[in-house]
Amino acid sequence: MARIIVVTSGKGGVGKTTTSAAIAMGLAKKGHRTAVIDFDVGLRNLDLIMGCERRVVYDFVNVINEEASINQALIRDKRSENLFILPASQTRDKDSLTKEGVGRVLGALSETFDYVVCDSPAGIEKGATLAMYYADDAIIVTNPEVSSVRDSDRMLGILASKSRRAETAAEPIKEYLLLTRYSPERVRLGEMLSVNDVQEILSLHLLGVIPDSKAVLNASNAGTPVILDDKSDAGQAYADVVARYLGEEVPHRFIEFQKRTLFGRLFGG
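It should be emphasised that the depicted structure is a prediction, and the values quoted were computed from it without experimental measurement.

A few words now on the packing of aromatic side chains. As enumerated under the stated definition, the model contains five aromatic pairs in all. Note on tyrosine 133 and tyrosine 134: the rings are 4.7 Å apart at their centroids and 85° apart in plane angle, and the pair reads as edge-to-face. Both residues of the pair, tyrosine 133 and tyrosine 134, count as buried. Ring-pair connections join several aromatic residues into one group, and the members of that group are Tyr115, Tyr176 and Tyr245. Looking at arginine 33, its charged tip hangs above the ring of phenylalanine 113, at a distance of 4.4 Å from the centre.

The next subject is the pairing of strand β8 (residues 205-211). Among the seven residues of β8, six are classified as buried, and the element is accordingly described as predominantly covered. Relative to β8, strand β7 (residues 174-182) is paired through five bridges, and the arrangement is parallel. By the bridge assignment, tyrosine 182 is partnered in β8 with proline 211.

Read from one edge to the other, the open sheet built from eight strands follows the order β3-β4-β2-β5-β1-β6-β7-β8, with strand pairing classed as mixed. The open sheet terminates on both sides in strands that have one partner only, identified here as β3 (75-76) and β8. Packed onto the sheet, helix α1 (residues 16-29) meets β1 (3-8), β2 (34-38), β4 (83-86), β5 (115-119), β6 (137-142) and β7 and runs at close to 170° relative to β5.

Okay, unusual backbone geometry next. The residue glutamate 66 is not glycine, and still its phi comes out positive at about 60°. Assignment of secondary structure puts glutamate 66 in the loop between α3 (60-64) and α4 (70-73).

Parameters and conventions
Residues numbered from 1 in each chain as written. Predicted model: local features only at pLDDT ≥ 70, side-chain atom pairs only at ≥ 80, totals over all residues. Heavy atoms only, no water. Phe/Tyr/Trp six-rings, centres within 6.5 Å; stacked < 30°, edge-to-face > 60°. Buried < 20%, exposed > 50% of the residue type's maximum accessible area, 1.4 Å probe, protein only. Lys NZ or Arg CZ within 6 Å of the ring centre and 35° of its normal. Helix = DSSP H or I, 4+ residues; strand = E, 2+ residues; numbered from the N terminus. Pairing = 2+ DSSP bridges. Contact = heavy atoms within 4.5 Å. Axes fitted to C-alpha atoms, helices over the stretch in contact; angles between N-to-C directions.

Right, here's the structure in full:
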């Protein structure tokens, strides 16, 4: 049976789809058969970041409505034979998703995959709550600023009370914190919350810190998960995240402020 991972947040624009793509690719590169599903019906960005937008024929809603099979809708990633993408619909609304339909799709995927990554829309509307409902693990993505952290705290309440595991009194969803767009220099200047500040508010296991990096935007524009850019700080940080999720002991990087040398200031190093 697959482990179902939801990537969620209370606030939009914090990097959930970037994170979903990177973690799914990282798991696949580690040899795990992985599916990643876009739950953001009506908007659909995951296929762009994965670079497969031109290959979409059927989508998640088609499968729920039994207009296509899962095999027809799944898109195999060209860079990894272990990774498959199930895109969202751009022409339907979020009411097209049903609890029974989502459960049926996830159940079928669980039979042949090791991990299913659910890329949730922001907030607490239907797509987001359904993405969370069947989760085994939740990665809460937040930026180090007050409104984003506050909204993430609200999501923790929903995860604890409105999931299938909560309804059945099963073992609670495992919750992880992923801090994105982090700048140690801005933390030092008092313009951004520190890692410790965020952990004090949310009290979550820290899965990783992703530095504020141009590599993320460059990778998104190229249709490539940033984890494949192993020369970039963001790519390395996401690789660390996947390793930690799989149980490896990896020290946290990109948290401390590094004062640049005179050579670095002169030549941009």
